[in-house]
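Close look at the chain arrangement
Residue-level listing of the chains:
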Amino acid sequence: MLERGINHLQSQVDCNGNLRVIEPCLSEDLKNFQNKLERLKELLPANIESMDLQDKDRSNMEKSLKKKLISSANVICTTLANCHALSDISSSLKFDICIIDEATMCTEISCLTVLQYRVRKLILVGDLEQFPAKVCGEESANAGLNESLFLRIRNSFLETHLEGMKMLTKQYRMHPEILKWPNDFFYNGILTTDPKTTNFDEFPFEPYTVCSLEYEKNSSPIELKITDRAEFRFALMLVCELSQYCEQHTTIVLIAPQGWQQYCKKYLHNKHITQVLVKTVDSAQGQEFDVVVLPLPCTGGAGFLDTLNRINIALTRAKKCLIMCGTLTNLMENAIWKLLFRDAKLRNRIYDIKESDLENEEVFTRKVINRLRKTIRFFSRQNGEDLNFGF
């Protein structure tokens, strides 16, 4: 597997040793793969490639090799689903500290599996404002098996004077403008931003914008579906244009419900846009992106963002730029979105877009993109010009 990874990365290096793909981390990945391969070769017999091993012999050698690697490691990274397999490799394993990330998404039973390794200190890290733990079956949920260990421990301290939880209040991801509403609504305004998040000020686009699409308010499911298609078409045109004004290493994602994934990916494929990813809220959870475009389909009120957890996750994935777009007249019927749009209006972050703006891509580019970008010099990959834009 390591050799395949090395060969893949080397295929992206030309004869002069230069990476064909502009990706700073590729060179570091190549070195890491090569170092791991050399370390494995030191542990294996010198004549391993010429040995005629039976399945049982190969399995024993693999187990022995894993035991050597784990025994010599200071830090082991695994999942809760697979950590039980460590005992099959070495029965004497024990850990001073175990850290479980995204612990609010883990069931209590799954968290208890790590205790078999005589853990001296267990640290649970999670966010109760994001996805909770999940179980299969209504009967399991009704029995309380969908409650995380994180939540149960938190609840046990609520009526005591003991400090059982430590709230991390400094965030290192989002531009302050992106953080503001989720911070006020979900976290009572206690979060602060690290100064490095203001380094995003040189990014060519405004950090936080709500695009209000001015369609007539519809009522029938068919008409709502047509309106949704227009909103996704707008979002797709937008990400295509944004990619032309961002550097190649900029990560751009369009968050869409499962039912619109194929439509969005096909549109981007036909436009030969490879820089833009299409993800659901679930698949974007735990990740961050430089630019997030979030269509707000009006079907079903708030559409696929139908719970507080999902809304919070969707609004907190962007580092430098978050753009939401939807028919505000329809979405204002939802109390949560009404509060968000009211806040955006007070901050002068709402941009009204007419349906006629979508009829001509040149007009769309001139009106919408010019509205979203800052007064700053930046390079356009579309025509190779160094431009100075303002409102």
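Residues numbered from 1 in each chain as written. Predicted model: local features only at pLDDT ≥ 70, side-chain atom pairs only at ≥ 80, totals over all residues. Heavy atoms only, no water.

1. Comments concerning the state of the cysteines
Tallied over the entire structure, the rule returns zero disulfides. Take Cys83: it sits in no disulfide, and the sulfur closest to it among the cysteines is that of Cys98, at 7.5 Å. On the basis of relative accessible area, Cys83 is assigned to the buried category, the value being 3%. (Disulfide = S-S within 2.5 Å. Buried < 20%, exposed > 50% of the residue type's maximum accessible area, 1.4 Å probe, protein only.)

2. Thoughts on the confidence of the model for the protein
Of all residues in the protein, 76% have pLDDT values of 70 or greater, and the mean over the chain is 80. Within the model, the stretch residues 217-226 combines pLDDT values under 50 with 13 contacts to residues more than four positions away or in other chains. Confidence drops under a pLDDT of 50 for residues 375-383, and excluding neighbours within four residues, the segment shows 37 contacts in the predicted structure. (pLDDT = per-residue confidence, 0-100. Contact = heavy atoms within 4.5 Å.)

3. Considering the pattern of salt bridges
For the coordinates displayed, the defined rule picks out 14 salt bridges. Among the ionic pairs, Glu288 bridges to Arg173, the shortest N-O distance being 3.1 Å. One end of the pair, Glu288, is in the loop between helix 11 (281-284) and strand 8 (289-296); the other, Arg173, is in the loop between strand 3 (170-171) and helix 8 (176-186), and 115 residues separate them in sequence. In this structure Glu288 comes out as partly exposed when scored by relative accessible area, which is 40%. The residue Glu177 makes a salt bridge to Arg349 at a minimum N-O spacing of 3.6 Å. On the criterion of sequence distance, the pair formed by Glu177 in helix 8 and Arg349 in the loop between helix 14 (335-346) and strand 10 (350-354) is long-range, its members being 172 residues apart. For Glu177, a relative accessible area of 24% gives the class partly exposed. The class of Arg349 is buried, set by a relative accessible area of 17%. (Salt bridge = Lys/Arg side-chain N within 4 Å of Asp/Glu carboxyl O. Helix = DSSP H or I, 4+ residues; strand = E, 2+ residues; numbered from the N terminus.)

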